Amino acid sequence: MTTKDTRRIRIKRSIRGKVSGTSACPRLTVFRSNKQIYAQVVDDTTGTTLAAASSLKITDKAPKKVIAAKVGTLIAQNAKEAGIQAVVFDRNGYLYHGRIKELADAARNGGLKF
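Residues numbered from 1 in each chain as written. Predicted model: local features only at pLDDT ≥ 70, side-chain atom pairs only at ≥ 80, totals over all residues. Heavy atoms only, no water.

Asks: Account for the sheet that holds strand E4 (residues 88–90), naming residues and giving values.
Replies: Hydrogen bonding along the main chain pairs the strands of a sheet, whether they run parallel or antiparallel. Reading across from one edge, E3-E2-E1-E4 is the order of the four strands in this open sheet, with mixed pairing throughout. Both outer strands of the open sheet, strand E3 (48–54) and E4, are each paired with one neighbouring strand and no more. Taken over all neighbouring pairs, the strand axes of this sheet differ in orientation by 20° on average, direction set aside. Across six bridges, strand E2 (residues 37–43) lies against E3 in antiparallel orientation. Directly across from Val41, in E3, lies its bridge partner Ala51. Strand contacts of helix H3 (residues 99–109): strand E1 (27–32), E2 and E4, with the helix running at about 145° to E1, the strand carrying the most contacts. (Pairing = 2+ DSSP bridges. Helix = DSSP H or I, 4+ residues; strand = E, 2+ residues; numbered from the N terminus. Axes fitted to C-alpha atoms, helices over the stretch in contact; angles between N-to-C directions. Contact = heavy atoms within 4.5 Å.)

Rendered as structure tokens:
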């Protein structure tokens, strides 16, 4: 692994030690690759995914930040349909900047509280 990856994994472990989702307030976790971005709402007590959204089904040709914002609104809609109002945000070791910030802001605008 590269030093950038090991740094992110170390930060991720630190965050996961502090952030945990329950059935009342699940965890919104984000994963980004070079081309795609994924978001899941997870209940850590049972280990189940309650809602999910990704950029795989978005066929628009747009910048990555715009697509991340669309995924944020999708995850907010899917969480609302599952009856989830509030979540705990898990940035998964990534900096709260760029695509991660766009996704989080769009999820907030979509009605999720965190």
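Once the structure has been displayed, the description carries forward.
Asks: Tell me what's going on with the pairing of E1, and back it up with residues and numbers.
Replies: As judged from the six bridges shared by E1 and E2, these two strands associate in the antiparallel manner. Opposite Val30, over in E2, you have Ala39 as the bridge partner.

Note that all results are geometric; they support no functional claim without further evidence.
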